[in-house]
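Residues per chain are reported as follows:
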Amino acid sequence: MTLLTYLRRKLGLTGTKLGCAEGGCGACTLQSCPLTPSSHYAVNACLAPLCSLHLVAVTTVEGIGSVARKLHPVQERIAKAHGSQCGFCTPGIVMSMYALLRNNPTPKMADMEEAFQGNLCRCTGYRPILEGYKTFTVVRQIYKHTVKTHSCQNTHSHCIFFFLQDGGCCGGRGRENGCCMTNGSGEATALFSTTDFAPFDPTQEVIFPPELMRSRSLCFRGDRATWLQPDTLEEILRLKWKHPDARVVVGNTEVGIEVKFKNMVYPVILAPSFIPELNSVTHTEDGVVFGAACTLSHMGAVLRQAVETLPPHQTEVFLAVLEQLRWFAGQQIRNVAVSRTNWVSSVEQGINRVTGLNPCLILVDGSRVVQMDDSFFTGYRRTVLRPQEILVSIEIPYSQKVETFVSAFKQSPRREDDISIVTAAMSVTFTPGSNVVEDLRLSYGGMAATTVLAKRTANRLRGRCWGEELLQEACSTLAEEMTLDPSVPGGMVTYRRTLTLSLFYKFYLTVLQKLTYSLQGVNVEEVKSDCVSATELYHPQTPSSVQIYQVQQTQDDVLGRPMMHLSAMKQATGEAVYCDDVPLYENELYLSLITSSKAHARIISVDTSAAERLPGVVCFVFADDILGSNATGPVVYDESVLADGQVTCVGHIIGAVVADTQLHAQRAAKAVKIQYEELQPVVTIQEAIAAQSFYQPIRTIQKGDPEAGFKQADHVLEGEMHIGGQEHFYLETNATLAVPRGEDGEMELFVSTQSASKTQALGVPANRVVVRVKRMGGGFGGKESRTTVLSTVVAVAANKYRPVRCMLDRDEDMLITGGRHPFYGKYKVGFLNSGKVMALDVSYYSNAGNSMDLSLSVMERALFHMENSYNVANVRGQGFLCRTNLPSNTAFRGFGGPQGMMISESWITDVAQSLGKAAEEVRRLNLYMEGDSTPYNQILDQFTLDRCWDECLSRSEYQQRRAAIDLYNRQNRWTKRGLAIVPTKFGISFTAVFLNQAGALVHIYTDGSVLLTHGGTEMGQGLHTKMVQIASRVLGIPYSKIHISETSTNTVPNTSPTAASASSDLNGAAVQNACEILMKRLEPYKNKNPKGSWEDWVKSAYFDRVSLSANGFYKTPDLGYDFDSNSGRVFNYFSYGVACSEVEIDCLTGAHKNLSTTIVMDVGHSLNPAIDIGQVEGAFMQGLGLFTLEELHYSPRGVLLTRGPGSYKIPAFGDIPTTLTVSLLRDAPNDKAIFASKAVGEPPLFLASSVFFAIKDAISAARAESGIKGPFRLDSPASAERIRNACTDRFTKLCPPAEPGSFTPWSVQV
Ligand SMILES: Cc1cc2nc3c(=O)[nH]c(=O)nc-3n(C[C@H](O)[C@H](O)[C@H](O)COP(=O)(O)OP(=O)(O)OC[C@H]3O[C@@H](n4cnc5c(N)ncnc54)[C@H](O)[C@@H]3O)c2cc1C
Ligand code: FES
Ligand code: FES
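Residues numbered from 1 in each chain as written. Chains lettered and ligands numbered in written order. Predicted model: local features only at pLDDT ≥ 70, side-chain atom pairs only at ≥ 80, totals over all residues. Heavy atoms only, no water.

The chain goes by Xanthine dehydrogenase in an unreviewed UniProt entry, where it is assigned to Lates calcarifer. The chain has a UniProt comment under Subunit (unreviewed entry) that states "Homodimer." Among the UniProt annotations of the chain, the heading Sequence similarities (unreviewed entry) holds the following wording: "Belongs to the xanthine dehydrogenase family." (UniProt positions renumbered as here; feature names shortened; annotations may be inferred.)

Colleague: Could you clarify how one ought to interpret the overall build of the chain in this entry?
Modeller: Counting its secondary structure elements, the chain contains 36 helices and 46 strands. Relative to a compact globule of 1310 residues, whose C-alpha radius of gyration would be 34 Å, the chain shows 31 Å and is just as compact. In terms of its C-alpha atoms, the chain occupies a principal-axis envelope of roughly 95 × 75 × 70 Å. The burial tally for the chain puts 64% of its 1310 residues in the buried class. Looking at the chain alone, contacts between residues at least 24 apart form 77% of all its contacts between residues at least 6 apart. For the chain, the accessible surface area stands at approximately 45900 Å², while carbon and sulfur atoms represent 52% of it. Side chains of the chain carry 122 positive and 129 negative charges; the gap between the two charge centres is 1 Å. (Helix = DSSP H or I, 4+ residues; strand = E, 2+ residues; numbered from the N terminus. Rg over C-alpha atoms; globule rule 2.2 N^0.38 Å. Buried < 20%, exposed > 50% of the residue type's maximum accessible area, 1.4 Å probe, protein only. Contact = heavy atoms within 4.5 Å. Areas by Shrake-Rupley, 256 points an atom, 1.4 Å probe, with all protein chains shown as cover. Lys, Arg positive; Asp, Glu negative; His and termini not counted. Charge placed at Lys NZ, Arg CZ, Asp CG, Glu CD.)

Colleague: Mind showing me how you'd approach the nonpolar core here?
Modeller: Nonpolar side chains in soluble globular proteins tend to be buried together. Core analysis: the largest hydrophobic core is formed by 260 residues, its most contacted members being Tyr-133, Tyr-444, Trp-466, Phe-504, Leu-591 and Trp-907. With 13 residues, the top contributor of residues to this core is helix 17 (residues 493-518). Not counting the four nearest positions on each side in its chain, Tyr-444 is found in contact with Val-422, Thr-423, Ala-424, Met-426, Thr-450, Thr-451, Val-452, Ala-454, Leu-478, Met-482, Thr-500 and Phe-504. With 39 residues, the next largest nonpolar core counts Ala-1000, Ile-1042, Cys-1075 and Trp-1094 among its residues. (Core = buried A, V, L, I, M, F, W, Y, C linked by side-chain atoms within 4.5 Å.)

Colleague: In this structure, what is going on with the state of the cysteines? I would like to understand it.
Modeller: Linking two cysteines covalently via their sulfur atoms produces the bond known as a disulfide. For the coordinates displayed, the defined rule picks out zero disulfides. Cys-33 forms no disulfide, and the closest cysteine sulfur to it belongs to Cys-28, at a distance of 17 Å. Relative accessible area serves as the criterion here: at 5%, Cys-33 is assigned to the buried category. Cysteine Cys-882 remains unbridged, with the sulfur of Cys-649 as its closest cysteine sulfur at 16 Å. (Disulfide = S-S within 2.5 Å.)

Colleague: Got a minute to help me understand empty space enclosed by the protein in this structure?
Modeller: Empty space left among the atoms is revealed by rolling a probe the size of a water molecule over them. According to the stated counting rule, one finds seven cavities of 30 Å³ or more in the structure shown. Of the volumes computed, that of the largest cavity is approximately 440 Å³. Lining the largest cavity are 30 residues, with Met-1019, Gln-1021, Ser-1061, Gln-1175 and Gly-1241 sitting closest to its centre. Mapped onto the lining of the largest cavity, the elements with two or more residues apiece are helix 30 (1023-1035) and helix 31 (1063-1088). In the lining of the largest cavity, the residues fall into eleven nonpolar, 13 polar and six charged. The calculated volume of the second largest cavity comes to roughly 130 Å³. Taken together, the elements giving at least two residues each to the lining of the second largest cavity come down to helix 5 (127-133) and helix 33 (1169-1188). (1 Å grid on protein atoms, 1.4 Å probe; cavity = no way out; pocket = protein on both sides within 12 Å on 5 of 7 lines; lining within 4 Å. Points joined across faces, edges and corners; volume = space filled by probe spheres on them. Nonpolar A, V, L, I, M, F, W, Y, C, P; charged D, E, K, R; others polar.)

Colleague: Hey, could you run me through unusual backbone geometry in this one?
Modeller: A negative phi angle characterises most non-glycine residues, just as the trans form characterises most peptide bonds. Residues Gln-696 and Pro-697 are joined by a peptide bond in cis, for which omega reads 0°. Mapped onto the elements, Pro-697 comes out in strand 29 (residues 694-703). Even without glycine at this site, Asp-744 takes up a positive phi of about 50°. Here Asp-744 lies in the loop between strand 31 (735-740) and strand 32 (747-751). Positive phi, normally seen in glycine, also occurs at Asp-853, with a value near 45°. Of note, Asp-853 is situated in the loop between strand 36 (837-849) and helix 25 (855-864).

Colleague: In this structure, what is going on with the UniProt feature "binding site: Mo-molybdopterin" (unreviewed entry) in the chain? I would like to understand it.
Modeller: As recorded in UniProt, the sites labelled "binding site: Mo-molybdopterin" (unreviewed entry) are Gln-754, Phe-780, Arg-893 and Ala-1060. Taken together, the annotated residues stretch across 307 residues yet fold into one region, lying no more than 12.5 Å apart by C-alpha. Lining the largest cavity, from the residues just named, are Gln-754, Phe-780, Arg-893 and Ala-1060. Within the secondary structure layout, Gln-754 lies in the loop between strand 32 and strand 33 (769-773). A distance of 3.5 Å separates the side chain of Gln-754 from the backbone nitrogen of Glu-784, its partner in a polar contact. With respect to the helices and strands, the residue Arg-893 is situated in the loop between strand 37 (874-883) and helix 26 (897-915). Looking at Arg-893, the relative accessible area reads 7%, which means it is buried. Apart from residues no more than four positions distant in its own chain, Arg-893 is found in contact with Phe-780, Arg-820, Pro-898, Gln-1175, Gly-1178, Ala-1179, Gln-1182, Gly-1241, Glu-1242 and Leu-1245. (Polar contact = N/O pair within 3.5 Å; in protein donor to acceptor, adjacent residues only side chain to side chain.)

Colleague: Got a minute to help me understand helix 30 in this structure?
Modeller: Side chains three or four residues apart in an α-helix point the same way, a direct result of the helix having 3.6 residues per turn. Its 13 residues give helix 30 an end-to-end C-alpha distance of 18 Å, which sits within 8% of 18 Å, the value for a rise of 1.5 Å per residue. If you check which residues of helix 30 are buried, you get Leu-1023, His-1024, Thr-1025, Lys-1026, Met-1027, Val-1028, Gln-1029, Ile-1030, Ala-1031, Ser-1032, Val-1034 and Leu-1035. Tucked into the core, helix 30 has its buried residues touching strand 40 (1010-1014), strand 41 (1042-1043), strand 42 (1047-1048), helix 31, helix 32 (1094-1103) and helix 33. Just past helix 30, the residue Gly-1036 takes up positive phi, approximately 70°. (Expected span 1.5 Å × (residues − 1).)

Colleague: Is there a simple way to explain the side chain of Arg-923 in this structure?
Modeller: Looking at the secondary structure, you find Arg-923 in helix 27 (residues 919-926). Arg-923 gets classed as buried once you look at its relative accessible area, which sits at 2%. A polar contact is formed between the side chain of Arg-923 and the side chain of Glu-905, at a distance of 2.6 Å. Of note is the side chain of Arg-923, whose polar atom sits 3.3 Å from the side chain of Thr-909. Sequence-distant contacts of Arg-923, defined by excluding residues within four places in its chain, comprise Tyr-870, Glu-905, Ile-908, Thr-909, Trp-949, Ile-981, Val-982, Pro-983 and Phe-1253.

Colleague: Even after reading the chapter, I still don't get the side chain of Gln-332, so can you show me in this structure?
Modeller: With respect to the helices and strands, the residue Gln-332 is situated in helix 13 (residues 331-334). A polar contact of 2.9 Å, which involves the side chain of Gln-332, links it to the side chain of Thr-29. A distance of 3.3 Å separates the side chain of Gln-332 from the side chain of Ser-96, its partner in a polar contact. When neighbours within four sequence positions are excluded, Gln-332 is seen to be in contact with Gly-26, Thr-29, Ala-42, Val-43, Asn-44, Ser-96, Ala-115, Gly-118 and Asn-119.

Colleague: It is not clear to me how helix 28 (residues 945-955) should be interpreted in this structure. Could you clarify?
Modeller: What helix 28 keeps buried is the set Leu-945, Cys-948, Trp-949, Glu-951, Cys-952, Leu-953 and Arg-955. Where helix 28 ends, the next residue or the one after it, Glu-957, has phi of about 55°, a positive value.

Colleague: Can you walk me through the environment of Leu-731 in this structure?
Modeller: Counting through the fold element by element, Leu-731 comes out in the loop between strand 30 (715-723) and strand 31. Residue classification places Leu-731 among the buried positions, given a relative accessible area of 2%. The spatial distance from the C-alpha of Leu-731 to the C-alpha of Cys-86 is 8.8 Å, given a sequence separation of 645 residues. Sequence-distant contacts of Leu-731, that is, excluding residues within four places in its chain, are made with Leu-18, Gly-19, Cys-25, Ala-27, Phe-88, Cys-89, Leu-120, Arg-122, Gly-777 and Arg-810.

Colleague: Just checking my understanding: could you explain the sheet that holds strand 16 (residues 404-411) for this structure?
Modeller: What holds strands together in a sheet is hydrogen bonding between their backbones, with the strands either parallel or antiparallel. The sheet built from four strands is open, its strands ordered 16-17-18-19 with antiparallel pairing. Of all strands in the sheet, those bounded by a partner on one side alone are strand 16 and strand 19 (452-453). In this sheet, strand 18 (residues 437-445) lies alongside strand 17 (residues 422-430) in antiparallel orientation, the contact comprising eight bridges. Across the sheet, Thr-423 pairs through a bridge with Gly-445, a residue of strand 18. The strands touched by helix 17 within the sheet are strand 16, strand 17 and strand 18, with strand 16 carrying the most contacts at an inclination of about 145°. (Pairing = 2+ DSSP bridges. Axes fitted to C-alpha atoms, helices over the stretch in contact; angles between N-to-C directions.)

Colleague: What's the story with the sheet that holds strand 8 (residues 268-270) in this structure? I'm lost.
Modeller: The strand order across the open sheet formed by four strands is 5-6-8-7, and the pairing between neighbours is mixed. Among the strands making up the open sheet, the edge pair consists of strand 5 (218-221) and strand 7 (247-248). With two bridges connecting them, strand 7 and strand 8 associate as parallel partners. Opposite Val-248, over in strand 8, you have Leu-270 as the bridge partner.

Colleague: Could you clarify how one ought to interpret the packing of helix 33 against helix 34 (residues 1249-1265) in this entry?
Modeller: In a packed pair of helices, the relevant descriptors are the angle between the two axes and the axis-to-axis distance. For the pair helix 33 and helix 34, the least separation of the axes is 8 Å and the interaxial angle reads 40°. Comparing the axis directions of helix 33 and helix 34 gives the class oblique. Seen from helix 33, the contacting residues are Phe-1180, Leu-1184, Phe-1187 and Thr-1188; seen from helix 34, they are Ser-1249, Ser-1250, Val-1251, Phe-1252 and Ile-1255. A per-class count over the contact of helix 33 with helix 34 returns six nonpolar, three polar and no charged. (Parallel < 35°, antiparallel > 145°, perpendicular 65-115°, else oblique.)

As structure tokens, then:
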């Protein structure tokens, strides 16, 4: 059992969350003190075996503070700094910070960034978390927070402008017209006030319990495994002799994954963590010897100290190891994991192989020291270690000679906490006083099952001078030697091969630089100045940020103010209750799903006999158990709740097992045997096009005459682009608890859903089923329609028996629930010499998956955004929904809009590139103007995009930046910078007209307190907070008198999903309506007693028998579009925004840095600037993931290969742009929504495409170096692989791709 299960299920301590169960998200972080009072470690509870914690002091988030008692400063600051949205990641982040402060009360920013490498947040965009915690750092202590006050000279309204940089005012360092100091247009303060923060006093922390300092020799026996924890070396050797098959476990970060995800069973486990010899560190004449149980963080600390004290020539190896440790997993993993026998990672294997680390293996009857040479690794994760042996220590040697140089490289999809694609360790020794190679070792990981030495290349280069000739020889030989089968697991064959050359080139340059320095007087080639940046190691810079917004009312009105999310404090203390935190019912059962392993097949048989015999199993649920209809779907009922005879995707739910515990249910589900007759699957969009496998209808929007437009054009250009899908990766996976009420078929369902009403379907009258949603740990559209897939099965099971619960594991959630639709776009665009676009013909193909779900609406929105913000007179767009054998794709923030706009940004970039014009100029030329009409004939009024554009240009200092980038690119051959400014126009309304309605119910109690309920759900976006602000303004009472408990179908019925960014508009207006009704009823009592209090009026009305409860309702007026006639209003209004981003790419590896982003967003009059800025930044970061990082890999047979944070990378702390400016457009009231505000949830997401197009700009500069100009195809995401492959150069030419069709690839572009 893991510590996490024990805490949550046995102790009821639910503050520690389950996000992934594989150490990849940090939601389960807590602090452990395993050895001494002075060592505090952030660790992942999901991987920590309970047995390993006997006599270990563990501190959970509940242990450091609570709302009722007192918040710890780390809890308070993240809440007040707006660093908690859905809050599911918050306890983990709090505990990472807490552990850091326990070890170091005055950390530096770099310490903090390192501490968060193992934590993910999907909502906030990380900036506010860092901003809040910056207040603990040393930087903060020297930073003086300034609050500036200015009177407004520009407007007569009461304007307050807030500027925040490094937690405060920009202090006059801002830019033209941008700074509160220079434009004199408002009063400046911050989004939060640091003066409110409780001081941090490290002396007040809980002490290490002295009773835990005892001997640790232990034995635990369970049903399936025995845990032996010896505390002497003799004892462990004896035990290993007796149990040669026993698995040695230290951090459990490898074995834990094998047990959980690969169904491995280890009957005997040996835990050596408390054996002194295995924890010792000895400095010898030759190097440093680390005991085999020394954790990686301990090793890092020792090596760092050695580097500080020893002469540089001795520490080349240490530096190489340290550089790699920095990018090894997250802090939580490094705090427990050891450099085990197959040695830390392939990089370190490589370092070892080129430098000669010496592992010492020991047997009960003697020890041996082995060299990690070619014979050491015998296969993937296999070594020469014999069954009875254990590893005692590893020696990391000093580099011995001044003539030896060592480097190590790791290239992974994401820099932080990611497994490598290719690694390399290289060492060269020169004949003293010369540049003649005496010894050269080149070792690569990621090119075979174990690290491989490029022996042939090394042999050829020995005795040669380190110069251009050697380089050429090295590259051509490496290209021949480092080959890969085109079907190799992991794919990226061309990229991996190119990397072997590119990394060698980096090594070549690095050594050349050092040689020039150390061999003065000898004739050595110099590194050209434009190549120097290729040798620089990546060290992240501390990010800084500015937020600017405007407030337009008096201090006593909470609306428009940056009020903290109402649940933020509870989220930070772990007291906020999510679906799976609801306490266990006494007789509760757990459900686990049985899913298809085939993409398309007939089910021949289902055999449950083996599963039935397993402990704890209560029953199975299959299609026959469904009393009502098995057909389901959010619009079209074209899918089955449980598969009936046929499966149409991997992950298709066939049935479920109900058992007494989660573990038993999951084991039994895996034991169910299913026989299939496989059918041919359709997996990719291209396969669907070939097979004409489409759902109907095929939508078309046409305006003007495209053919005539093409004739008028000076140029006609065709292009195409593929945009990959995206996993929602809400930190809280789908969860449902169904509780039958025993009477009249009544049931209560606690569901993590955005669509409470949808969950009521399936034959049972809706009036018997109450769906309750307290809050969600993120939704992003993923819990709009797909939640019913799980909740219905759970409800069917509960209907049979008793309360049933299920929270999907991360891998199940990713497998089953679908994500953002992959899109393929084909376009033809006609334009004039000036860049003015005359005609566009575009076809969109989306990968809809195995059911319609919301795919038609998603495609419609893509079509409604096909011109993004550009006025094209003659335009035709067609949308095809590809029916494939993938899990049904669904709603995702932006809902097709981003894909639609991405294609348009691709053709506008092509137009600019083909004309050799600046992309910014062509974009501006085609930008809409006030009064223009869209392809669906909607007139643009209250148009603010041009203002956003101009403000963004000036705030980002676009022209100066452009000039600086051009200069940089001329001066650097192997790193290039790029810049792009991109607009967005996002239509607000559900495109299905009937959904544009909302209800609210407001009760005033006789004590004056108000209970507010509305149809929207809270998933971190701050909807409840905004609703309370609205009610507070209309009722004229402090927000503290108003409470929202939950969303439930028995208070507000027939709710629309909380989606389409419209929830504040719709529900806010319904709340306003209800409150106004109540205020009307209270008016006579106010008039009668004008000096009375709210409570007085309420009481008087009550005694006068006036109802103090009211329903509110709202529907958006004047909507209704008709595709056939291309007429009628689609959207209520548009949200506008513009972003400008600058990036730097490493042309040799494809890695990139997000240097700067400036966003100007029109949110009307913001209801809550802190929440709105949070939405802008969170959406931007999610878009950044979509367009630059996140890649779902599917096998050609439709199997999802990326099923957790280990293989699917969402942006981490280190991916935030180094400088980030967010400005909410001032003086932009919107008369179409509540209190002049605008929707904000989805519109900013597309602005992250500015990063993609900045990358494309940088690639263009790299291609120009090889003489290649003009448009080129770059698919999304702009991953390291795509960037590298697009930067065509001498190295890529040596590694041509295999002929398509001549092999079966590991993964396909779906
Ligand atoms: C989120 C996450 C990120 C990761 N990132 C990386 C990464 O970036 N790079 C990378 O290389 N790996 C990574 N890993 C894999 C893993 O953390 C490492 O392999 C780590 O070194 C395992 O150490 P451990 O103590 O936790 O291993 P355990 O699971 O405790 O055991 C590891 C193995 O070593 C053996 N072993 C341990 N001690 C001895 C001994 N004294 N004698 C003999 N055998 C012994 C065990 O039997 C077992 O086979 C990651 C894992 C996770 C969960
Ligand atoms: S749940 Fe433990 S790291 Fe994700
Ligand atoms: S607030 Fe971090 S995941 Fe939601």
